[in-house]
Amino acid sequence: MGFFSSLLGRSDDYEEYEAEEESGELPKLHTGMTLDVETADGDPLFTGRLTEFGASTLTLERPLGGLSLKVLEMGASVVLEGLDEQMMPFYLKGTVQESTRVVCKLKDVKVKPMPEHRHDFRLRIRVPVTMYYPKDTTFSNPEECVLVDISTGGACIESEYLHGVDEVLRLKVKLEDYAPMEFLGEIIRVVEFQPGKFRYGFLFAQLREKELTELTRTLYNLQAGNRTVWMRSTDQGHW
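Below is a short write-up of the structure. Bear in mind the structure is a predicted one, so any value in this text is a computation, not a measurement.

Parameters and conventions
Residues numbered from 1 in each chain as written. Predicted model: local features only at pLDDT ≥ 70, side-chain atom pairs only at ≥ 80, totals over all residues. Heavy atoms only, no water. Helix = DSSP H or I, 4+ residues; strand = E, 2+ residues; numbered from the N terminus. Buried < 20%, exposed > 50% of the residue type's maximum accessible area, 1.4 Å probe, protein only. Contact = heavy atoms within 4.5 Å. Areas by Shrake-Rupley, 256 points an atom, 1.4 Å probe, with all protein chains shown as cover. Pairing = 2+ DSSP bridges. Axes fitted to C-alpha atoms, helices over the stretch in contact; angles between N-to-C directions. Salt bridge = Lys/Arg side-chain N within 4 Å of Asp/Glu carboxyl O. Core = buried A, V, L, I, M, F, W, Y, C linked by side-chain atoms within 4.5 Å. Phe/Tyr/Trp six-rings, centres within 6.5 Å; stacked < 30°, edge-to-face > 60°. Lys NZ or Arg CZ within 6 Å of the ring centre and 35° of its normal.

1. A closer look at the overall build of the protein chain
Here is step 1: The secondary structure content of the protein chain amounts to one helix and twelve strands.
Here is step 2: The secondary structure elements of the protein chain, listed N-terminal to C-terminal, are β-β-β-β-β-β-β-β-β-β-β-β-α.
Here is step 3: Considering the protein chain as a whole, with its 239 residues, one finds that 46% of them fall into the buried category.
Here is step 4: Pairs at least 24 residues apart make up 58% of the contacts formed inside the protein chain by residues separated by at least 6 positions.
Here is step 5: For the protein chain, the exposed surface amounts to about 12600 Å²; the carbon and sulfur share of it is 50%.

Listed below in structure tokens is the structure:
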């Protein structure tokens, strides 16, 4: 990475996981749940709504209000990510059997073990956020984006603005009733998952201990449905 790399800690926290052997029974699935579909290399493809499933097959359709799905090659391997009833992430791997703009059918679906080196819990949440260039100290040129998920190591951002790997930006986040947060970070991954729409892997600068504790509390409370508001420290830091 660029000059920013000296500020970063645990540079693999938001990298994609390595391939592992598939094993175990499928998690408890239900029709209507959404699953994120990625390539075997971790590049986002689309989000689908589960409409049918069997012991080793499943069918995804466009989510309600969603546009067309990306058409995939027959026989391609894909990875699916979802959340179980305890809001814990799970991964599946399958082979494309049928793919159109409205439906995607997979066969040979198996459990893919959780990535062991991704220690940070990722909260999947779609909320509007803004990004700024570090030199924009008056926050006069905001880039309106969407937060896809967030952890204590980084975030996935969806945007119509084009940025490059190693680009340093500031991210401003407001999660429900909690105090606004601001993160200095670097783009470490860029994927054009729809025409004119990009998803960025955004790695946070190393958080101070108080910042890390407060962000962890916020993510835990949101996952657990706890509405208690934790006020951030007034000490100067990334936030």
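2. Description of the sheet that holds strand β5 (residues 89-99)
Here is step 1: Spatially, six strands are ordered β1-β2-β3-β6-β5-β4 in a closed barrel, and the strand pairing comes out antiparallel. For this sheet the average axis-to-axis angle between neighbouring strands, irrespective of direction, equals 45 degrees.
Here is step 2: Here strand β4 (residues 77-83) pairs with β5 via seven bridges, running antiparallel. Its bridge partner being in β5, Glu81 is matched across the sheet by Tyr91.

3. Things to note about the environment of Leu203
Here is step 1: Within the element layout of this structure, Leu203 appears in strand β12 (residues 197-204).
Here is step 2: Considering only alpha carbons, one finds Leu203 and Phe183, 20 residues apart in sequence, at a separation of 9.4 Å.

4. Focus: the environment of Gly154
Here is step 1: Checked against the element boundaries, Gly154 lands in strand β9 (residues 154-159).
Here is step 2: Distance in space between the C-alpha atoms of Gly154 and Gln206 is 9.9 Å, their sequence separation being 52 residues.

5. Points about the pattern of salt bridges
Pairing between side chains of opposite charge can happen when the charged atoms of each approach one another.
Here is step 1: Counted by the stated rule, this structure contains seven salt bridges.
Here is step 2: Notably, a salt bridge pairs Glu98 with Lys105, separated by 3.7 Å at the nearest N-O pair.
Here is step 3: Here Lys105 falls in the partly exposed class, since its relative accessible area comes to 32%.
Here is step 4: A salt bridge links Arg126 to Glu158; the nearest nitrogen and oxygen atoms lie 3.1 Å apart. Pair noted here: Arg126 is in strand β7 (residues 123-132) and Glu158 is in strand β9, with a separation of 32 residues, a long-range link.
Here is step 5: Owing to a relative accessible area of 9%, Glu158 belongs among the buried residues under this scheme.
Here is step 6: Linked by salt bridges that have partners in common, Arg126, Glu158 and Arg199 make up one network.

6. A word on the nonpolar core
Here is step 1: Of all hydrophobic cores here, the largest spans 26 residues; its most connected members are Leu147, Ile157, Leu171, Leu175 and Phe183.
Here is step 2: At the level of elements, β7, β8 (143-150), β9, β10 (168-173), β11 (181-194), β12 and α1 (209-224) are the ones that each hand at least two residues to this core.
Here is step 3: In terms of nonpolar packing, the next biggest core, distinct from the first, is built from 20 residues, Val37, Leu60, Leu92 and Leu106 among them.

7. Side note on the sheet that holds β11
Here is step 1: Spatial strand order, β7-β8-β9-β12-β11-β10: six strands in a closed barrel with antiparallel pairing. Taking each pair of neighbouring strands and ignoring which way they run, the sheet shows an average axis angle of 45 degrees.
Here is step 2: Here seven bridges tie β7 to β8, and the two strands are oriented antiparallel to one another. Its bridge partner being in β8, Thr130 is matched across the sheet by Glu144.

8. Focus: the pairing of β8
Here is step 1: Of all eight residues making up β8, six are buried, and the element is well covered by its neighbours.
Here is step 2: What sits between β8 and β9 in their antiparallel hairpin is a turn of three residues.

9. Notes on the packing of aromatic side chains
Here is step 1: Scanning all chains against the criterion turns up four aromatic pairs.
Here is step 2: Taken together, a centroid distance of 4.2 Å and an interplanar angle of 5 degrees make the contact between Phe183 and Phe204 stacked. Of this pair, Phe183 sits in strand β11 while Phe204 is found in strand β12, placing the two residues 21 residues apart along the sequence. For the pair formed by Phe183 and Phe204, the shared burial category is buried.
Here is step 3: Grouped by ring-pair contacts, the aromatic residues Phe183, Phe202 and Phe204 constitute a single cluster.
Here is step 4: In this arrangement the basic side chain of Lys172 is found over the ring face of Phe139, its NZ or CZ atom lying 4.4 Å from the centre.

Any functional reading would require information beyond the geometric quantities listed.
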